Structures are given as structure tokens and as C-alpha cells.
Amino acid sequence: MKIISHRGNLNGPKLELENTKEYIDIAIENNSDVETDLWNVKNEYFLGHDKADYKVSLEWLENRKEKLWIHAKNFNA
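All values reported here derive from a predicted model rather than from experimental measurement.

## A short note on the overall build of the protein
Thought 1: Counting its secondary structure elements, the protein contains 2 helices and 5 strands.
Thought 2: Listing every helix and strand of the protein by position from the N terminus yields β-α-β-β-β-α-β.
Thought 3: Expected size for 77 residues packed as a compact globule is a radius of gyration near 11 Å; at 12 Å, the protein falls within 12% of this value.
Thought 4: Going through the 77 residues of the protein one by one, you find that 38% of them count as buried.
Thought 5: Accessible surface, the protein as shown: approximately 5,200 Å² in total, 52% of it carbon and sulfur.
Thought 6: For the protein, the distance from the average position of its 11 positive side-chain charges to the average position of its 14 negative side-chain charges is 2 Å.

## Observations regarding the pairing of strand 2 (residues 33-41)
Thought 1: Among the 9 residues of strand 2, 8 are classified as buried, and the element is accordingly described as predominantly covered.
Thought 2: Bridging between strand 1 (residues 4-6) and strand 2 involves 3 bridges; their strand directions are parallel. For Ile-4, the partnering residue across the bridge sits in strand 2 and is Asp-33.
Thought 3: Between strand 1 and its parallel partner strand 2, the chain crosses via helix 1 (residues 21-29), and the hand of that crossover is right-handed.
Thought 4: Note: strand 2 against strand 3 (residues 44-47), 4 bridges, orientation antiparallel.

## Quick word on the environment of Leu-47
Thought 1: Tracing the backbone through its elements, the reader meets Leu-47 in strand 3.
Thought 2: Linking Leu-47 and Ile-70, residues 23 residues apart in sequence, is a C-alpha distance of 9.8 Å.

## A closer look at the nonpolar core
Thought 1: Listed in full, the 10 residues of the largest apolar core are Ile-24, Ala-27, Ile-28, Val-34, Leu-38, Leu-47, Val-56, Trp-60, Leu-61 and Leu-68.
Thought 2: Going through the elements one at a time, helix 1, strand 2 and helix 2 (58-63) are the ones with two or more residues in this core.
Thought 3: Considering each element in turn, this core owes the most residues, 3 residues, to helix 1.
Thought 4: Not counting residues within four places of it along the chain, the set of residues in contact with Leu-68 comprises Ile-24, Ile-28, Val-34, Thr-36, Trp-60 and Leu-61.

Cut-offs and rules
Residues numbered from 1 in each chain as written. Predicted model: local features only at pLDDT ≥ 70, side-chain atom pairs only at ≥ 80, totals over all residues. Heavy atoms only, no water. Helix = DSSP H or I, 4+ residues; strand = E, 2+ residues; numbered from the N terminus. Rg over C-alpha atoms; globule rule 2.2 N^0.38 Å. Buried < 20%, exposed > 50% of the residue type's maximum accessible area, 1.4 Å probe, protein only. Areas by Shrake-Rupley, 256 points an atom, 1.4 Å probe, with all protein chains shown as cover. Lys, Arg positive; Asp, Glu negative; His and termini not counted. Charge placed at Lys NZ, Arg CZ, Asp CG, Glu CD. Pairing = 2+ DSSP bridges. Right-handed = clockwise from strand over helix to strand, strands pointing away. Core = buried A, V, L, I, M, F, W, Y, C linked by side-chain atoms within 4.5 Å. Contact = heavy atoms within 4.5 Å.

Right under this line is the structure:
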């Protein structure tokens, strides 16, 4: 069975931490895949549910591609 964390949550929602790089990495370190929300704004990538909140590099995404389930939040993402 594959466990998929929702926005990094492992034990209930923590809205202030969801979709942050650090929170996602904690979930991955705990052997979970992670569904995360991805935005592309002016050719830069961001995590965030309702808006582009947390900037990430393409390298950061690439390094975790085997563990991330990407929810593209806009067409360019």
C-alpha cells in the first residue's frame, strides 16, 4: 500500500505548514509520498493551495519527483 500525504500532513491538517518545502520533506523522510499544489507564475514555481505562496526551484521538484504527486493549480504549472 502507498501512503500519500495531503500537502505534507501526516497527522491531521496543519494549515500554517501545508505545502511548505520543509513540511513536505518531513513527510518524505517518513516514507510518504506527498500530493502538493504547484503554480507557475512568470516561469517561476511556487507551492500553495489558494495562491502561489512558497517559491521552489525546478531542481527541488526534480530531486523529489519519485515522491511527489503534483496538483497543477494553473495551466502553466
